[in-house]
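Chains, contacts and geometry: an overview
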Amino acid sequence: MKTKSVIVIGAGIGGITAATHLAKHGLRVTVIEKNSRPGGRCDRISRDGHHFDTGPTLLVMPLLYETEFAALGASICDVLDLKRVDPTYHLVFDDGSQLALTSDMKSLQEQLETFEHGSFQGLMRYMDEGYRHYHLGIEKLVRRDFRKASDFFTLDNLPLLYQVKPLVNHYRNMSAYFDDPRLKAAFTFQDVYMGLSPFEAPATFSMMPYTELAHGVWYPKGGMYSIVEALTKLACNAGVEFVFDTSVERIDVNGASARGVMVNGQLIEADAVLANADLPYVYQHLLPQDGQAQKLAHKRYSCSVISFFWGLDKTYEKLGPHTLFLASDYRENFDHIIRDLSLPANPSLYIHAPARLDSSMAPDEQDTIIAIVPVGHMSEDGGQDWNQLRDEARGHVFRRLSSLGINDLESHIKFEINFTPLSWRKRYNLMKGSTHGLCHNLMQLGYFRPDLQHPRYRNLYFTGASTRPGTGMPTAMVSGRLAAQRITSDLKM
Ligand SMILES: Cc1cc2nc3c(=O)[nH]c(=O)nc-3n(C[C@H](O)[C@H](O)[C@H](O)COP(=O)(O)OP(=O)(O)OC[C@H]3O[C@@H](n4cnc5c(N)ncnc54)[C@H](O)[C@@H]3O)c2cc1C
């Protein structure tokens, strides 16, 4: 009998994971990737001995990685050399106060009490809630496939309405635990990973600060790109074929099915097509227009970021691995980014110094620094001046660094590479340059996110950040596994 075939469009985390599961089920799998290497948003740039993870820098939700690697037949400890990062973040507030988020509870208690008397007890209660949200959320919402509405709207899921607080506003919910706005910010800023402001995010997302403190933030030796290398090795061992530097031009459809993909004007046929490229982009650029692309364009998208990658001729030991500057006008920051699609006047921002965790990320006595400034995604009218916004963002980074007594970093830059939303769109075909795809507000969560399967072309499937369950590296692995399960069950493998 002829072996059935699947073409995967894109070698992002979801695509590589799905391809591996499919190949292990005996399918002939070809991954076609427009760029010259796998990884998608989890990318790497190396120059003159400096190595930059250009997308993800935080390995969070280690338990989810563990189960997803196990589902691929691998142990995470065998394929990655992991180190726990503790303290996870150094938070720096506008008034000069600092907080090192650590799993050393004694140190955390001492620090928190200087911000607000009794706040450690508040944190313990918040962690209790985060524990519930994390475990119920992962089990009932993240790791499960919802093929039809009745899989989601079940009696069993009904208690989730009060158990994981999807209808409660995250920031408002913080008043039950802390009064000090700095502490409310310290345990809600993680919502930005979902492309959301805590002022609109559901309180369900307390699962993020919970897992960061309880399960840890980790770092794989060699950087986050080593996850891509590990996954690609598993895929190749399973027999997946990768074709790089090749863009899929369109998905060829016929009636109610996809026949294959067009590459360099040639049709490559397959029994199923799995699109890992950003879902709204696929509807807009790779499929016949039937009104769906416009509907998707009007959904809510996550923010974007302006990133700076600097090779420095000096080491800045003062900078811990993950430093976060949180602005006192916390709410206005999110309003500027999400509502006005712009750069705040005093943006919160993040600095990553990977050489603090792995000396091989920079040459001896030099440093590798990544600065990330959240910004609105590209607007419909194209009115944003990205060169100007990039230059403003760079100025904000230097200004923030000087508040830590680092005044000479600019003069020690050997080279700079930077990304704006235009770069994100061009490099990875991300709609609106939005770094996390469709955002995760209530109307775009769980079953309400676009399905893993096209409603009309039934042998066309999706995986990745803009489909289910949503953004993040381990979640993309879940998405890949769920999409592969659908394909193997539909092809009766
Ligand atoms: C700045 C930034 C920081 C982040 N930080 C974190 C973090 O710390 N921790 C975390 O867990 N997650 C983080 N994320 C999120 C995480 O990186 C993503 O959710 C995840 O990598 C998305 O994977 P994906 O499967 O959707 O594939 P994608 O990364 O979207 O890959 C899709 C692939 O499809 C390819 N493609 C597109 N169009 C075509 C075409 N026509 N033909 C062929 N190939 C095509 C693209 O080139 C790309 O390689 C971050 C993301 C960004 C951008």
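These remarks concern the structure in this document. Only a predicted model underlies this, so the values are computations on that prediction, with no experimental measurement involved. (Residues numbered from 1 in each chain as written. Predicted model: local features only at pLDDT ≥ 70, side-chain atom pairs only at ≥ 80, totals over all residues. Heavy atoms only, no water.)

Description of the packing of aromatic side chains
- Across all of its chains, the model carries 29 aromatic pairs by this definition.
- Between Tyr89 and Phe189, the ring centres sit 5.2 Å apart and the planes meet at 85 degrees, which makes this aromatic pair edge-to-face. Taken together, the residues span a long stretch of sequence, with Tyr89 in the loop between strand 5 (82–85) and strand 6 (90–93) and Phe189 in the loop between helix 9 (181–186) and helix 10 (207–214) at a distance of 100 residues. Each of the two residues, Tyr89 as well as Phe189, counts as buried. (Phe/Tyr/Trp six-rings, centres within 6.5 Å; stacked < 30°, edge-to-face > 60°. Helix = DSSP H or I, 4+ residues; strand = E, 2+ residues; numbered from the N terminus. Buried < 20%, exposed > 50% of the residue type's maximum accessible area, 1.4 Å probe, protein only.)

A word on the site of the ligand
- Around the ligand lies a shell of 36 residues, among which Gly14, Glu33, Arg41, Ala465 and Gly472 are the nearest.
- Measuring from an oxygen atom of the ligand, one finds a side-chain N or O atom of Arg41 at 2.8 Å.
- For the ligand, a nitrogen atom lies 2.9 Å from a polar atom in the side chain of Tyr281.
- Considered on its own, the ligand offers 1000 Å² of accessible surface; in the complex 96% of this is hidden by protein.
- Those elements giving two or more residues to the shell around the ligand turn out to be helix 1 (13–24), helix 16 (421–428) and helix 17 (473–490).
- For the shell around the ligand, the residue count by class is 16 nonpolar, 16 polar and four charged. (Near = heavy atom within 4 Å. Polar contact = N/O pair within 3.5 Å; in protein donor to acceptor, adjacent residues only side chain to side chain. Areas by Shrake-Rupley, 256 points an atom, 1.4 Å probe, with all protein chains shown as cover. Nonpolar A, V, L, I, M, F, W, Y, C, P; charged D, E, K, R; others polar.)

Things to note about the sheet that holds strand 1 (residues 5–9)
- Pairing is parallel across the open sheet formed by five strands, whose spatial order is 9-2-1-13-19. On the outer flanks of this sheet lie strand 9 (241–243) and strand 19 (460–462), each paired with one strand and no other. When strand polarity is set aside, the average angle formed by the axes of neighbouring strands in this sheet is 20 degrees.
- Across the sheet, helix 17 is in contact with strand 1, strand 13 (272–275) and strand 19; its angle to strand 19 comes to roughly 160 degrees. (Pairing = 2+ DSSP bridges. Axes fitted to C-alpha atoms, helices over the stretch in contact; angles between N-to-C directions. Contact = heavy atoms within 4.5 Å.)

Focus: the environment of Ala272
- Relative to the helices and strands, Ala272 is located in strand 13.
- By relative accessible area, Ala272 is classed as buried at 1%.
- Spatially, the C-alpha atoms of Ala272 and Thr488 are 9.9 Å apart, while their sequence positions differ by 216 residues.
- Residues within four places of Ala272 in sequence aside, it is in contact with Ser5, Val6, Ile7, Asn459, Tyr461, Ile487 and Leu491.

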